[in-house]
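Geometric and topological summary
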Amino acid sequence: MYNETDFDNIDIAAEPPTEEPDRQFYFMAKCRVWVREFEKKNSRRPCFFTQTFGCQMNARDSEKLTAILEQAGFLQAKTEEADFVIYNTCTVRENANNKVYGHLGLLNAYKKKNPHMKIALCGCMMQEPTAVSKIKQRYSFVDLIFGTHNIYKFAELLAVSLNSDTMVVDIWEDTDRIVEELPAKRKYRFKSGVNIMFGCNNFCSYCIVPYVRGRERSRKPEDIIKEIRFLASDGVKEVMLLGQNVNSYGKNLTDPLTFAELLEKVEQIDGIERIRFMTSHPKDLSDDLIAVMRRSKKICNHLHLPLQSGSSRILSMMNRRYDKEHYLNLAEKVKKAIPDLAITTDIIVGFPGETEEDFLETMDVVKKVRFDSAFTFLYSKRTGTPAASMDGQIPEQIAKERFDRLLKEVQAIAAEQADLLVGKTLPVLAEEINRQDDSLLTGRLSNNSVVHFAGTKEMIGTIQNVYLKEAKGFYYIGSLQ
Ligand code: 5AD
Ligand code: SF4
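One structure accompanies this document, and this report is about it. For clarity, every value in this text was computed on a predicted model and none was experimentally measured.

Topic: the environment of alanine 260
Summarising the element assignment, alanine 260 is placed in helix α8 (residues 259-267). On the basis of relative accessible area, alanine 260 is assigned to the buried category, the value being 5%. Measuring from C-alpha to C-alpha, the distance between alanine 260 and valine 246 comes to 9.7 Å, with 14 residues separating the pair along the chain. In this structure alanine 260 touches Asp288, Leu289 and Val292, once residues within four positions along its chain are discounted.

Next comes the structure, spelled out in structure tokens:
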């Protein structure tokens, strides 16, 4: 096991092991030797910087990249002016790709100043052949490129890249492997993401995720439970179970287990006080899950349930496999079962063929469900997805105008929803010192809303009862009780 590994006793003159994760431990030991030599030559340790784009799954992956770099002996830098910079990329919308290209221009300037600097790119965007060939041509100063399927091989790729003068590229088309037991450096000591599954089989017609993250694979429940027990023993109080479609967890296991059953197992782990999960797909949300959420003392009062569109016609073109009525009924059912539940969502505006009537159907669902918060997106054409070649692509101006109307409605409703809790005293997990005012702490309610309140840094990582004095749209101002 990683925690018990003594890296300095690994014989790196021997052939690398073929088994995982031992093979990666061997390469971590190799990287340590490289770091020691760097230190001898330059009288300082090399430093690294990781930048994460995209979703919670990428954030969790970056915690693993960080742990490997630290284990190798690198020091964490505060800016991109570092010896090793790695971007964990996203490609769900075009602007995610554009951000990476923008940053690469900046990195090139840093690299000219620092001859030691190495630049690595990984994550979803690297699974797109067009992006990789563009990087090879126009950004040839990048040193290492790898994708989502072989991220567990980071230590090995790092060792190869540190000892190479040319660009190292290793992209796999798919994998059925899940490598356990690799280290992770948590951003917060008291909360952690936990992958329960990888990939997605849904093929929503606008979405690139199934192409870049591969087919759905569930981790074995015993591995998940083991990881969460370890996290609890290491001070973690809140876990976020992560997957593109957690409601279909367990279907492909040798001994199938439902997501609801998995949650019941997680509930029993001592030390874990809060359980979150994302993302749920409305087509698969079972009555069993609702019953488990209702019974649970630890599952948070929050359900992220992407709507995408309120028009049944558009939902069918999106291949979402539910219609407006199903979504409305489901939202009503969960709200009735769990009265304090916050429902949040994702909505796409300007999907090909979306008419004003379709858009008004979306607005209608927004008004009926009254989301506590919603992420709204302009449809972004992703090459290779079915929607990219559909007729009726919506002019940007029309999409933007609908987007603005939607955002206004979503924000007005979210503010009214937030007002409902003003005057109540509720448990808040204190997470960090407020970034603007260091006399304040910032924490979260069970329903995921942010609360700022006066407190001391010793409270970070503890659950405190906080009186909610005022709602300010996105957050509350509270005071300790
Ligand atoms: N354009 C716009 N938004 C998208 N999403 C996924 N693919 C696209 C796309 N092509 C949004 C969906 C999803 C969220 C993570 O990103 O709303 O739920
Ligand atoms: Fe993309 Fe749909 Fe899978 Fe979510 S469920 S990752 S939107 S294909």
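Considerations on the packing of helix α12 (residues 356-369) against helix α13 (residues 396-419)
Relative orientation of the contacting elements α12 and α13 amounts to 10°, with a least axis distance of 10 Å. Overall, the two elements α12 and α13 adopt an arrangement that is roughly parallel. Contacts between α12 and α13 pair Glu356, Phe359, Leu360, Thr362, Met363, Val366 and Lys367 from the former with Arg402, Arg405, Leu406, Glu409, Val410 and Ile413 from the latter. The residue inventory of the contact of α12 with α13, partitioned by class, reads seven nonpolar, one polar and five charged.

Looking at the nonpolar core
Counting 66 residues, the largest nonpolar core has Val239, Leu241, Phe259 and Tyr327 as its most contacted members. Contacts of tyrosine 327, omitting those with residues within four sequence positions, involve Pro282, Leu305, Pro306, Leu307, Tyr322, Ile343, Thr345, Val365, Val369 and Phe371. The next biggest cluster of nonpolar side chains, apart from the first, holds 32 residues, and it includes Tyr26, Leu69, Ala72 and Ile86.

Focus: helix α5 (residues 154-162)
The buried fraction of α5 amounts to eight of the nine residues, a majority that puts the element mostly inside the structure. For α5, the elements touching its buried residues are α1 (22-42), α2 (56-72), β3 (84-89), β4 (118-123), β5 (144-146) and β6 (168-170).

Here we look at the sheet that holds strand β17 (residues 450-454)
Taken in spatial order, the five strands close into a barrel running β15-β16-β17-β19-β18, and their pairing is mixed. Neighbour-to-neighbour, the strand axes of this sheet turn through a mean angle of 50°, independent of strand direction.

Remarks on α13
Along its 24 residues, α13 runs 34 Å from first to last C-alpha, staying within 8% of the 34 Å computed at 1.5 Å per residue. Every buried residue of α13 is accounted for by Ala399, Arg402, Phe403, Leu406, Val410, Ile413, Ala414, Gln417 and Ala418. Structurally, α13 contributes buried residues whose contacts are with β13 (342-349), α12, β14 (373-378), β18 (463-471) and β19 (475-480).

Observations concerning the layout of surface pockets
What the second largest pocket holds in volume is close to 830 Å³. Forming the boundary of the second largest pocket are 39 residues, of which Lys64, Glu180, Glu181, Leu182 and Glu227 lie nearest the centre. Among the elements of the structure, α2 and α7 (221-233) are those that each provide at least two residues to the lining of the second largest pocket. It is α2 that provides the largest number of residues to the lining of the second largest pocket, a total of nine residues. A breakdown of the residues in the lining of the second largest pocket according to their chemical character gives 17 nonpolar, six polar and 16 charged.

Section: the site of ligand 1
In the vicinity of ligand 1, the contacting residues are Val92, Arg93, Tyr206, Gln308, Asp346, Ile348, Phe377, Leu378, Tyr379, Ser380 and Arg382. At a separation of 2.8 Å, an oxygen atom of ligand 1 approaches a polar side-chain atom of arginine 93. Serine 380 places a polar main-chain atom, nitrogen or oxygen, 2.8 Å from a nitrogen atom of ligand 1. Across the complex, the protein chains shield 86% of the 400 Å² of accessible surface that ligand 1 would expose by itself. Those elements that provide at least two residues to the shell around ligand 1 are β13 and β14.

Topic: the pattern of salt bridges
Per the stated rule, a full pass over the model turns up 36 salt bridges. Note that glutamate 70 is salt-bridged to lysine 185, the shortest N-O span being 3.2 Å. Of this pair, glutamate 70 sits in helix α2 while lysine 185 sits in the loop between β6 and β7 (191-195), and the two are 115 residues apart along the sequence. The partly exposed category is assigned to lysine 185, whose relative accessible area is 36%. Across the pair glutamate 356 and arginine 402 runs a salt bridge whose closest N-O atoms are separated by 3.8 Å. In this pair, glutamate 356 sits in helix α12 while arginine 402 sits in helix α13, placing the two residues 46 residues apart along the sequence. For glutamate 356, a relative accessible area of 29% translates into the label partly exposed.

A closer look at the packing of aromatic side chains
When we look at a pair of aromatic rings, we describe it by the centre distance and by the angle of the planes. For the structure shown, the criterion picks out 18 aromatic pairs. A centroid spacing of 5.9 Å and a plane angle of 85° characterise the contact between phenylalanine 7 and phenylalanine 25, whose relative ring orientation is edge-to-face. Of this pair, phenylalanine 7 sits in the segment before α1 while phenylalanine 25 sits in helix α1, and the two are 18 residues apart along the sequence. Each of the two residues, phenylalanine 7 as well as phenylalanine 25, counts as buried. Ring centres 5.7 Å apart and planes at 90° place the aromatic pair phenylalanine 53 and tyrosine 87 in the edge-to-face group.

Each value, and the rule that gives it
Residues numbered from 1 in each chain as written. Chains lettered and ligands numbered in written order. Predicted model: local features only at pLDDT ≥ 70, side-chain atom pairs only at ≥ 80, totals over all residues. Heavy atoms only, no water. Helix = DSSP H or I, 4+ residues; strand = E, 2+ residues; numbered from the N terminus. Buried < 20%, exposed > 50% of the residue type's maximum accessible area, 1.4 Å probe, protein only. Contact = heavy atoms within 4.5 Å. Axes fitted to C-alpha atoms, helices over the stretch in contact; angles between N-to-C directions. Parallel < 35°, antiparallel > 145°, perpendicular 65-115°, else oblique. Nonpolar A, V, L, I, M, F, W, Y, C, P; charged D, E, K, R; others polar. Core = buried A, V, L, I, M, F, W, Y, C linked by side-chain atoms within 4.5 Å. Pairing = 2+ DSSP bridges. Expected span 1.5 Å × (residues − 1). 1 Å grid on protein atoms, 1.4 Å probe; cavity = no way out; pocket = protein on both sides within 12 Å on 5 of 7 lines; lining within 4 Å. Points joined across faces, edges and corners; volume = space filled by probe spheres on them. Near = heavy atom within 4 Å. Polar contact = N/O pair within 3.5 Å; in protein donor to acceptor, adjacent residues only side chain to side chain. Areas by Shrake-Rupley, 256 points an atom, 1.4 Å probe, with all protein chains shown as cover. Salt bridge = Lys/Arg side-chain N within 4 Å of Asp/Glu carboxyl O. Phe/Tyr/Trp six-rings, centres within 6.5 Å; stacked < 30°, edge-to-face > 60°.

Worth remembering: the numbers are spatial, not functional.
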